[in-house]
4 protein chains.
Amino acid sequence: MLYFLNDYSEGAHPRVMEALEKTNLAVTCGYGEDEYCAKAREAMRKTFACPEADVHFLVGGTQTNLIAMTAFLRPWEAVIAVDSAHVCVHETGAIEAVGHKVYAVPGEDGKLTPEAVRKAVKDHQTGVEEHMVLPKLVYVSDSTELGTIYTRAELEALSDTCRELGLLLYLDGARLGAALTAEGNDLQPEDFAKLCDAFYVGGTKNAQLFGEAMIIVNDDLKPFFRNVMKQRGGMLAKGRLLGVQFEAMFRDDLWLQTARHANELAQKLAKGLKDLGVEFYIDSPTNQLFPILPDRVVEKLKAGFAFDFTAKIDETHTAIRFVTSWATPEENVDFLLIALERLMK
Amino acid sequence: MLYFLNDYSEGAHPRVMEALEKTNLAVTCGYGEDEYCAKAREAMRKTFACPEADVHFLVGGTQTNLIAMTAFLRPWEAVIAVDSAHVCVHETGAIEAVGHKVYAVPGEDGKLTPEAVRKAVKDHQTGVEEHMVLPKLVYVSDSTELGTIYTRAELEALSDTCRELGLLLYLDGARLGAALTAEGNDLQPEDFAKLCDAFYVGGTKNAQLFGEAMIIVNDDLKPFFRNVMKQRGGMLAKGRLLGVQFEAMFRDDLWLQTARHANELAQKLAKGLKDLGVEFYIDSPTNQLFPILPDRVVEKLKAGFAFDFTAKIDETHTAIRFVTSWATPEENVDFLLIALERLMK
Amino acid sequence: MLYFLNDYSEGAHPRVMEALEKTNLAVTCGYGEDEYCAKAREAMRKTFACPEADVHFLVGGTQTNLIAMTAFLRPWEAVIAVDSAHVCVHETGAIEAVGHKVYAVPGEDGKLTPEAVRKAVKDHQTGVEEHMVLPKLVYVSDSTELGTIYTRAELEALSDTCRELGLLLYLDGARLGAALTAEGNDLQPEDFAKLCDAFYVGGTKNAQLFGEAMIIVNDDLKPFFRNVMKQRGGMLAKGRLLGVQFEAMFRDDLWLQTARHANELAQKLAKGLKDLGVEFYIDSPTNQLFPILPDRVVEKLKAGFAFDFTAKIDETHTAIRFVTSWATPEENVDFLLIALERLMK
Amino acid sequence: MLYFLNDYSEGAHPRVMEALEKTNLAVTCGYGEDEYCAKAREAMRKTFACPEADVHFLVGGTQTNLIAMTAFLRPWEAVIAVDSAHVCVHETGAIEAVGHKVYAVPGEDGKLTPEAVRKAVKDHQTGVEEHMVLPKLVYVSDSTELGTIYTRAELEALSDTCRELGLLLYLDGARLGAALTAEGNDLQPEDFAKLCDAFYVGGTKNAQLFGEAMIIVNDDLKPFFRNVMKQRGGMLAKGRLLGVQFEAMFRDDLWLQTARHANELAQKLAKGLKDLGVEFYIDSPTNQLFPILPDRVVEKLKAGFAFDFTAKIDETHTAIRFVTSWATPEENVDFLLIALERLMK
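Residue positions are counted from 1 within each chain, in the order its sequence is given. Chains and ligands are labelled by the order in which they are written, letters from A for the one and numbers from 1 for the other. The predicted origin of the model limits local features to residues at a pLDDT of at least 70 and limits the giving and counting of side-chain atom pairs to 80 or more, whereas totals for whole chains, interfaces and linings rest on all residues. Working from all heavy atoms in the structure, the side-chain values ignore hydrogens and water.

> Tell me what's going on with the interface of chain D and chain C, and back it up with residues and numbers.
It is common to give the size of an interface as the accessible area lost on bringing the parts into contact. On the chain C side, the residues contacting the 16 residues of chain D number 16 residues. Buried area: the sum, over both parts, of the accessible surface (1.4 Å probe) that disappears when the two are put together. Of the roughly 1,400 Å² buried between chain D and chain C on both sides combined, carbon and sulfur atoms contribute 50%. On the chain D side of the contact with chain C, D:Thr92, D:Glu96 and D:Lys101 bury the most area, a combined 36% of that side's loss. Any carboxyl oxygen of Asp or Glu within 4 Å of a side-chain nitrogen of Lys or Arg constitutes a salt bridge here. Counting across the interface, chain D meets chain C through zero salt bridges. Residues adjacent in sequence count toward polar contacts only when both atoms are side-chain atoms; beyond that, a polar contact is any pair of N or O atoms within 3.5 Å, and within protein one must be able to donate a hydrogen and the other to accept it. In this structure, the connection of chain D to chain C is made through eight residue pairs in polar contact (both at pLDDT 80 or more). Every helix listed is a DSSP run of H or I at least four residues long, and every strand listed is a run of E at least two residues long, numbered separately from the N terminus. Looking at the side of chain D that touches chain C, the elements that each hand over two or more residues are α4 (86-89) and α5 (94-97) of chain D. Every residue pair with non-hydrogen atoms within 4.5 Å of one another is taken to be in contact.

> Tell me what's going on with the domain arrangement of chain A, and back it up with residues and numbers.
Residue and element names in this part refer to chain A. The domain boundaries assigned to chain A delineate domain 1 (2-6 + 255-344) and domain 2 (14-253). A domain assignment, automatic or from a database, supplies the domain bounds used here. The straight-line distance from the C-alpha centre of domain 1 to that of domain 2 is 28 Å. Summing both partners gives a buried area of about 1,800 Å² for domain 1 against domain 2, and 61% of it is carried by carbon and sulfur. Taken together, the links from domain 1 to domain 2 amount to zero salt bridges. Where domain 1 packs against domain 2, one counts 13 residue pairs in polar contact (both at pLDDT 80 or more). For the side of domain 1 that touches domain 2, the element with the most residues is helix α12 (residues 254-275), which contributes seven residues. Each residue is assigned to one class: nonpolar for Ala, Val, Leu, Ile, Met, Phe, Trp, Tyr, Cys and Pro, charged for Asp, Glu, Lys and Arg, and polar for all the others, Gly among them. In terms of residue class, the side of domain 1 that touches domain 2 is made up of eight nonpolar, seven polar and three charged.

> Describe the state of the cysteines, naming the residues involved and giving the relevant values.
For this text, the term disulfide refers to a pair of cysteine sulfurs within 2.5 Å. Following the criterion strictly, the structure yields zero disulfides over all chains and no others. Free cysteine A:Cys29: the closest other cysteine sulfur is in A:Cys37, separated by 8.7 Å. Think of it in three bands: residues with accessible area under 20% of the maximum for their type are buried, residues over 50% are exposed, and the middle band is partly exposed, with areas taken using a 1.4 Å probe on protein chains only. The exposure class of A:Cys29 is partly exposed, given its relative accessible area of 24%. Cysteine C:Cys162 remains unbridged, with the sulfur of C:Cys196 as its closest cysteine sulfur at 8.8 Å.

> Before we move on, can you summarise the interface of chain D and chain A with the specific residues and values?
Listed by partner, the interface residues are 42 residues for chain D and 42 residues for chain A. Between the two partners, chain D and chain A, sit zero salt bridges. Applying the counting criterion to the chain D and chain A interface returns 24 residue pairs in polar contact (both at pLDDT 80 or more). Looking at the side of chain D that touches chain A, the elements with two or more residues in it are α1 (14-22), α3 (61-72), α5, α10 (225-231) and α11 (240-250) of chain D. A class-by-class count of the residues in the side of chain D that touches chain A yields 21 nonpolar, 14 polar and seven charged.

> How would you summarise the pairing of strand β2 (residues 54-58) of chain C if you had to cite specific residues and measurements?
Residues and elements named next belong to chain C. Where burial is concerned, most of β2 is hidden: four out of the five residues are buried. Where β2 meets strand β8 (residues 212-216), five bridges bridge the pair, whose relative direction is antiparallel. Across the sheet, residue phenylalanine 57 finds its bridge partner in β8, namely alanine 213. Here a strand pair is declared whenever DSSP counts at least two bridges between the two strands.

> Explain the relation of the copies chain D and chain C to me, using residue names and the numbers behind them.
Copies overlap after least-squares fitting; the atoms used are the C-alpha atoms of residues with pLDDT of at least 70 in both. Mapping chain D onto chain C leaves a residual RMSD of 0.0 Å; the transformation is a rotation of 180° accompanied by 0.0 Å of translation along its axis. Both copies are brought into coincidence by an operation consistent with a two-fold rotation axis. When the interface residues of chain D are mapped onto chain C, 100% of them again lie at the interface, so the same face is used by both copies.

> Can you explain the pattern of salt bridges? Please cite residues and give values.
One pass over the structure, following the stated rule, counts 72 salt bridges over all chains. Across the pair A:Asp7 and A:Arg175 runs a salt bridge, and its minimum N-O distance is 2.7 Å. One end of the pair, A:Asp7, is in the loop between β1 (2-3) and α1 (14-22); the other, A:Arg175, is in the loop between β6 (168-173) and α8 (176-180), with 168 residues separating them in the sequence. For the pair formed by A:Asp7 and A:Arg175, the shared burial category is buried. Residues C:Arg152 and C:Asp191 are paired through a salt bridge, measuring 3.1 Å at the closest nitrogen-oxygen approach. With C:Arg152 in helix α7 (residues 152-165) and C:Asp191 in helix α9 (residues 189-195), this residue pair connects regions lying 39 residues apart in the sequence. On the basis of relative accessibility, which here comes to 31%, the residue C:Arg152 falls in the partly exposed class.

> Can you tell me about the environment of D:Arg15, naming the residues and giving the values?
All names here are of chain D. The residue arginine 15 is located in helix α1 in this model. Note: C-alpha distance between arginine 15 and asparagine 185 (170 residues apart in sequence) is 27 Å. Not counting residues up to four positions away in its chain, the partners in contact with arginine 15 are Ala248, Arg251, Asp252 and Leu254.

> How would you summarise α11(D) if you had to cite specific residues and measurements?
All names here are of chain D. Along α11, 11 of the 11 residues are buried, which leaves the element largely enclosed by surrounding structure. Among all positions of α11, only Arg240, Leu241, Leu242, Gly243, Val244, Gln245, Phe246, Glu247, Ala248, Met249 and Phe250 are buried. Those residues of α11 hidden inside the fold are in contact with α1, α2 (35-47), β2 (54-58), β7 (198-202), β8 (212-216) and α12 (254-275). Directly beyond the C-terminal end of α11, a positive phi value near 55° is found at aspartate 252.

> So what's going on with the pairing of β8(D)? Which residues, and what values?
All names here are of chain D. Judged by how many residues are buried, β8 sits mostly within the fold: five of five residues are covered. Of the two faces of β8, both are covered, the one formed by Glu212, Met214 and Ile216 as well as the one formed by Ala213 and Ile215. As paired elements, β7 and β8 share five bridges and run antiparallel to each other. Bridge pairing in β8 links valine 201 to alanine 213.

> Before we move on, can you summarise the packing of helix α12 (residues 254-275) of chain B against helix α14 (residues 330-344) of chain B with the specific residues and values?
All names here are of chain B. Two numbers describe how α12 lies on α14: the axes approach to 10 Å, and their chain directions differ by 15°. When the interaxial angle is binned, α12 and α14 end up roughly parallel. Seen from above, α12 lies across α14 with right-handed handedness. Here Leu265, Lys268, Leu269, Gly272 and Leu273 of α12 lie close against α14, whose contacting residues are Glu330, Val333, Asp334, Leu336, Leu337 and Leu340. Tallied by class, the residues present in the contact of α12 with α14 amount to seven nonpolar, one polar and three charged. Axis lines are fitted through C-alpha atoms, for helices just across the contact stretch, and the angle between N-to-C directions can take any value from 0 to 180 degrees. Here the angle decides the label: under 35 degrees means roughly parallel, over 145 means roughly antiparallel, 65 to 115 means roughly perpendicular, and every other value means oblique. In this scheme, a crossing is called left-handed if the near helix is turned counterclockwise away from the far one by less than a right angle; it is called right-handed if the turn is clockwise.

Encoded structure:
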């Protein structure tokens, strides 16, 4: 079975494993207050050009999102997100479970637009405001759930809109590496700290065993974040594991190299699929592809390849999802293309 | 200023006030365990033909809805409702604040359809189910937020769909009286107990000072409801006030008489509006009307009449809302029609 | 059956009923934004000498407490209260249900002391603070759950301690009238606005049908309180009912007259009991008494009198609770004393 | 600096690291549904003799506790725990943050007694029950926060009491290895599955990088646990990391060997301290010691040793905490004793 199921099917990059191995018997204090975390924090503040930012290390994405909403929002405040967003669809209602409504709006290619944000705010100002939730935080992800990426102009427009309307801009960077190394990307790491109030950089889907780094730029959002982390079960006792991994990933921009590998293989696959005449549910420049295939092909493909399903397109076609990772061997892509070529005939 | 703003602008029906006055110095135990509540419970069980149902009296609608969801649902379970539903729009995220996602789906004339329910359930079965909320309770209201009503066939179809899919059917009857006395209604009180797992009958919007009666038919939903009522601040110390009021309203079907009055005046107004050539945002047979008027008319009307706004229709027109109540005098409708006739010229 | 069960066994004072009757058909806007509420707010700001305070009207005490904690506290912040406090014992965990720990500390005669507050704060500073809740709000009630009252010196000392330690002082005045009219009280209404950050004045237990008036003095606590009221089901649609009642009660200090009546009858009863040689669980100058009676007397008394139980004292004695209200007739006290005299022989 | 600060100061046992290294590039599905997790589950079901139990792997202790309470309890239900319990003191109110009161009762040597449980239940049956939380789950830990352990007789008595009173018995086994390998322990692994409704076995404090294994024995508690895990951010994407670690730890009872090492060194230290005439805050047979030392000794000790503070004993003495781990070298204990010998002179 060859895996194109997701980007967290393997363990960690060898340099991460090596760093964990090397520091394994070192003795440190717990809860992320050790020197490895300190170094990793410094590396991230430097990479993202935000020397004053608070940096916190968490274990997973849903955890990070729910802790952020708990810490950043008051009970009557709500989140605006596209209806395909991870927080809308794949987190078992984690944001609602901590008490906040997520107001789902239509996206364009999985991306949120300033117009949709404005409309969402306006939708909540039609009557007696205190009878409605107060939209307060705009949630975006880059790359998105559909593998697409924001341009700098798009993210700037969103940021401007948020500042104009008194909204916080929060970016879920579970696949930020994939976004930054995609063809067509013109955002630089330092842009995120300028444009967002807070964002997180994902390690789980980019060659770490686990780990997400929350970067809080807006001073108002900084106090007591660690208290919420602890209260919601997001403070790792051996916090150093997160520092060690992020330090390894940010040395020599390893995190960009691993993401680039995944993107390149995906794009090789995309080209092969297009050459076979396959159409796509959406065009993605990153490591997630959404080809539309005849059901009979999909059915046969299952025997040898693992992948996910996205949507039924018509009576005889389905959009599926192929994902590549930092560890996907190039041969796997070749095998997949050969198999598809035969099946498509 | 003549009020067409809502159906809770006045106090209570004189017979309610009289009953409160007459029992004012009687001494009872608290929290709804007095004999007035007992009698009102009996009256309601009889009216709705559900002798085994649990009946609880609460103060207001948002309170009733949030307590029901707290008592009926587990943390991972979600509500399905139309996007115009009161719980989606006018309760400051009360359901999310107690931890449950409300999955908003498009309605037809403000009503939920079996197809929309099926699609909502299917939307949550596309991947790894435990990563999504579990739709568990279908929320409908009769009459709806748009003044429309369910036919028996429609409510039966919803009920059948819910039972087939393992969903609970919950009906918000804040304006149940208006629904039952509307032209075109073919639902009888006893149908609600047969078709729903729980429903509530509204008093606030139908001639009481306040009060909503929750009727729980499904045995599984009965235990510990009072504990949740107390915990969420919904148990009235002088609970007898609720019993006294509901008893007065259900004697000789006063609740239907008051609702019918409101409906009749609204429909007289609707006819008058149509005679003036006014079109409607939606056709409603109950006490809420949604005429579309030229902005210049709306602007002038404000000087003498109180009403609400629903939607901007185009550059020069707005849909507004006129509501009549048990206490609206017929002259007010006449005055409004005269004023409109002049302004529309 | 003669009732000494609680102070909310009867309806409302005739002047309250009359005011409700008189305004019943007046037409107003909803949700407490009417002129009756405006007038009641003014009356309260004047009585408590806090012209800048926000005043909100709610229906019941548990509701008021849980809404206050939701609005005033962040998720990691906790409440300090004596272990006999209403929020600790009689609200089905309402404060915890909105996410906040109530740290229960021992009281003196049901009252909180500065020493206990200091110790509670210190208990939370013994290790890594972010692993513990942050005590932030001190909850007291006057009169207390045990009928006792704070002296001005005591409340000032608590207030000073709170300000020194960065804590909010919140006073539950469900029985504030009883406290202010008790023998030995030296607090004036204006003291509460000076010493507390927020407090509420109870109507339910003092001659209203229902109603509690939240008075927010601290500017930081004012924003968005109404949003939380709505979200937690505490905003009454016909909000004017609260304004009408509070206006009636605060005209000519009716609220103090009704409370004084209850206190006077209770103290007459207390004197009678002492004359019979009865000892007390605690000495109370207000309308709640806690006599210790032989079990055989308690058993027989049940046949004709309704009252509550507080604690088993020894093998043969029980502390019970007698409560008088604004409506208790003096004869009832006389009958009770006569009955006890016979039973005690 | 020599560390006696806690038992999670180092990384993982070499055999755990080796297993992670060896499986690092294997490709699996996510979220704990891989074969490593399957094998680890089997090992645990065998060790604890509960072939029908559900086994879930989580990352940390606070996370595990809050997810268990969310999944096991309804909103009105409460937890009973000793006042020194981890959930009472060191989890930033995590249980209250998910809506449940923790009713703290006094313990004996950090342990809960059947008498305290009975009293807690009785305390909640003194009046109108629905006005109080319903005690439903008894939380114990073995070893306790004070390093003490339950005997089989003690745990059986608690279990019997819980079953009699309709309570769930939940055991926090963050340090279960330490308990099972302590001198005086007569509990066997299989006893926990017999006596508890659910319990968890800790890896974080016993030689894993992280990981806690929740074992649910009571069928009623099994459904939808994974949904809560996901919703509260407790489902690890690369779930296999937990399976790999637990499999390594349960092969040849490595988890007992690592725990035994920590205990033995602690007990060597205890003996040395006693020989020096040191008294203890509490006697502990496990890897946490609580000696009482003169403040001047404590002050000097800080220069070379890391440890925690427990309580001020008197003007000149403090109880501190020494913790040993699977990785503590015997020399460290020797050095500590030598240092203390000198300082105590």
